[in-house]
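Residues per chain are reported as follows:
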Amino acid sequence: MKPADFAFLRDFLRKESGQFIEENKIYLLKSRLEPLARRHSLEGLEALVAQVKARPRDTLARQVVEAMTTNETLFFRDKYPFDALSTVIFPELMQGMSPNGKIRIWSAACSRGQETYSIAMTAIQSVPSAERHIRILGTDIADAVLAYAEEGIYTQMEVQRGMPVKQLVRYFEQHEGTNWRIREELRTMISFRMANLIAADLAVGLRMHGPFDIVFCRNVMIYFDVEDRKKVIDKIAQTMNVGGYLITGTGELVKGEHSQWDTQRFEGRPIWKLKSK
Amino acid sequence: MSNTDEKEISNLVSQFMQGDFTARVKPDSQLSRDMNKLGEYLEQIIRTSTEGGANTCMGVFDVISSITHMSQDISQMEERTFAVAAATEEMAATVEQIVTSSDQGDEAAQRAMEAAQEGAGSVHNAVDVMCSLKDSAANVMKEVEELAHFSNEIGAIVSSIQKIAGQTNMLALNATIEAARAGDAGRGFAVVAGEVKELSNQTAKAASEISEKIRTLQNEIKEVVNVMGTNLELADRGSAVADLAGSSMQKVIDEFREVSQTMEHIKHASHDQSLASREIAERTSELSGLVSSSSREISGNVQRLQAFEKLVVSQIQYIAQFKAKDAVISLAKSDHMLWKKRLMDMLVGLEKIEPEDVTDHHNCRLGKWYYAQGQSDFGHNSSFIALEKSHAQVHALAKSAVTKFKSGDKNGAIADVDAIATPSSEVVALLTKLQN
């Protein structure tokens, strides 16, 4: 790969999605973008880069950004966030809630929707009349994975990763052989839409779905550099109610520049509570 | 004896031309015998071609079904390696995160160590101060004891002054008595003796006042000594406590050194791990690419083989138009194979079959032959008799599979198609026996 092409892709991705690619990740560019180039009958990465350079607002450029995202996710990933929801966060938020009160949850960078549906399953099991009180928004930067999440059909391998059999039988139905489709009762409290975490107008775009009481933003910021992380955390704070909870990946260091957070520990892992914006 | 005439030979040729090679004429001339031989020869060609076609067909089918299996396996493998590659990529990113955290932890541990060392310095200073405080308190004590000693000496001097004053008073009294005895001549002396007495009284009074002051002074000094003693004790204790603090601080420093060293190990280990996980991620990503390209290759092969299979099938269909004795046996083998393939295609959604498309085992090509020509040719052959049961099973299972599939019971249909394998290979084996 030519250094100029690498530099272009690095800057392009950082600007478009916040993904921070260093030179040791050239292999990733190759393995993710070469198949894309092939699909568009382009001769290798050089031609692909030339196309993106010429038309950075085109579908192909969007597909480059999407192809570079790592859509690693599984049901009930890491388990503890869902235990925290049912034992600490939901009980606290439900206290003194009015009969039509809502708990608004944002599953940011939801990928194929496993996290979003895991939140919904947890809600149904721990919040009475969850369908009336719980609203969940799943967002991602990649259209393809969002369409997948919306369809809610998972392969055998996907449901085997992380999902207890009890939940599988209760909330899924078999679909065309070995696939599984999420049941309707979970869908009613969920909506999906596209959102870019580093977009300047993120908070504006999500206004009609918020303000959020709970935000899941896990294993996304590990792909950003430190400056972008701070910005993203501040933007997330803008979409939240003071006192709301943010759950990140365990190793992800957050704390914004302007927003203020208290650290609460759940099973030794940090959970963030918004003190002030 | 009339020889077969030209018309009969011509009829035979036209039957041959219509594809019926089973026709014969009376073998009563060289020409008619040669014509019958030609018929046998043509039949043999058809039988061999049909058998060859059937075998090719079955071979291709075997390859296709195995390669289709492989293709399904590899596409599952593709899905899994893709997932592994994504998981590994995320792991590598998380490890990078751990590297950052452990770097920060290492720095923090070093800062803590520096702070503890600073703290230890302060404690050392405190210990020094406590020691000099203790020393100076001991010095003061010594001085005060000296003072007490001096005041005792002053007390002794005062009591000797009091003694002198007493003696002076006694002398003055004697002098007054002697002066009275001397009469007028001693009057002046008596005045002096009186003055002396007065002086000795004043001296005694002053000495007793001094003695009183000295006693008070001694009491005060005793008090001071007491307080100094307490101070000294406190200073002692203070310096012991400061010593203890000093050694605690040393422990803190030692522990922090341990923490700092461990953090440094973690830091280096996480850097190494980061390199390793990057390597793993890179290789996994390559692997995923390789599996994808194999998957593409294989599905290309499947398509090419399917085209080839079509070719073979059309060839068999062409040959099947020709009538030759027992050719139906070869055709029956490939017929059943092709049916099995259709059922499998149905399972993966490539073919639509209605239950009424599946004939009864009397009405397929083999069935029609079995219950007519076959019966008369092989009726007593044990393989021929055994054939009926297996053949009927194949048809029953096929019908059941199609019916189940149509009603949505895909797993039941799959089980039926799998179960066909046994009776179907029995049919093929029995047919082969018949041919021999």
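What counts, and where the lines are drawn
Residues numbered from 1 in each chain as written. Chains lettered and ligands numbered in written order. Predicted model: local features only at pLDDT ≥ 70, side-chain atom pairs only at ≥ 80, totals over all residues. Helix = DSSP H or I, 4+ residues; strand = E, 2+ residues; numbered from the N terminus. Buried ≥ 20, exposed ≤ 12 C-beta atoms within 10 Å, placed from the backbone. Core = buried A, V, L, I, M, F, W, Y, C linked by C-beta atoms within 7 Å. Contact = placed C-beta atoms within 7 Å. Pairing = 2+ DSSP bridges. Domains from an automatic or database assignment. Nonpolar A, V, L, I, M, F, W, Y, C, P; charged D, E, K, R; others polar. Axes fitted to C-alpha atoms, helices over the stretch in contact; angles between N-to-C directions.

Colleague: Describe the overall build of chain B, naming the residues involved and giving the relevant values.
Modeller: Each helix and strand in chain B was counted, giving seven helices and zero strands. Ordered by position in the sequence, the α and β elements of chain B form the string α-α-α-α-α-α-α. Put simply, chain B has 436 residues, and 23% of those count as buried.

Colleague: How would you explain the nonpolar core if you had to name every residue and give the values?
Modeller: Counting 70 residues, the largest nonpolar core has A120(A) and V215(A) as the members making the most contacts within it. In terms of residue count, helix α5 (residues 80-94) of chain A provides more of this core than any other element does, six residues in total. Residue contacts for V215(A): discarding those within four places in its chain leaves W106(A), A108(A), I236(A), M240(A), G244(A) and L246(A). Counting 37 residues, the second largest nonpolar core, distinct from the first, contains F21(B), I319(B), V328(B) and L331(B).

Colleague: Explain the pairing of strand β4 (residues 172-175) of chain A to me, and be specific about the residues and the numbers.
Modeller: Residues and elements named next belong to chain A. In the sheet, β4 pairs with strand β5 (residues 179-182) via four bridges, with the strands oriented antiparallel. Directly across from E173, in β5, lies its bridge partner R181. Linkage of β4 to β5, two consecutive antiparallel strands, is achieved through a turn of three residues, within which E176 is found at a positive phi near 40 degrees.

Colleague: Before we move on, can you summarise unusual backbone geometry with the specific residues and values?
Modeller: Residues and elements named next belong to chain A. Look at the link from G210 to P211: it is a cis peptide, with omega at -5 degrees. Inspection of the secondary structure assignment puts P211 in the loop between α12 (202-205) and β7 (212-217). Despite not being glycine, F76 shows a phi value in the positive range, around 50 degrees. Note on placement: F76 falls in the loop between α4 (59-68) and α5. Residues other than glycine seldom take positive phi values, yet S111 does so here, at roughly 55 degrees. By the element assignment, S111 lies in the loop between β1 (103-108) and α6 (114-126). For S111, a count of 25 C-beta atoms within 10 Å gives the class buried.

Colleague: Describe the pairing of β5(A), naming the residues involved and giving the relevant values.
Modeller: Residues and elements named next belong to chain A. Residue alternation in β5 divides its side chains into a buried set, W180 and I182, and an unburied set, N179 and R181. Looking at chain direction, strand β3 (residues 153-154) and β5 are connected through two bridges and run antiparallel. Residue pairing across strands places Y154 opposite W180, the latter belonging to β5.

Colleague: Account for the domain arrangement of chain A, with residues named and values stated.
Modeller: Residues and elements named next belong to chain A. Here chain A is partitioned into domain 1 (3-68) and domain 2 (80-276). With six residues of domain 1 at the contact, the number on the domain 2 side is 11 residues. Of the residues contributing to the side of domain 1 that touches domain 2, the split by class is two nonpolar, three polar and one charged.

Colleague: Can you break down the sheet that holds strand β6 (residues 190-194) of chain A residue by residue, with the values?
Modeller: Residues and elements named next belong to chain A. One open sheet accounts for seven strands, arranged β6-β2-β1-β7-β8-β10-β9; its pairing is mixed. The sheet terminates laterally at β6 and β9 (260-266), the two strands that pair on one side only. Here the average twist between neighbouring strands, direction ignored, is 20 degrees. As paired strands, strand β8 (residues 240-248) and strand β10 (residues 269-276) are joined by two bridges and run antiparallel to one another. The residue bridging L246 from the neighbouring strand is W272, located in β10.

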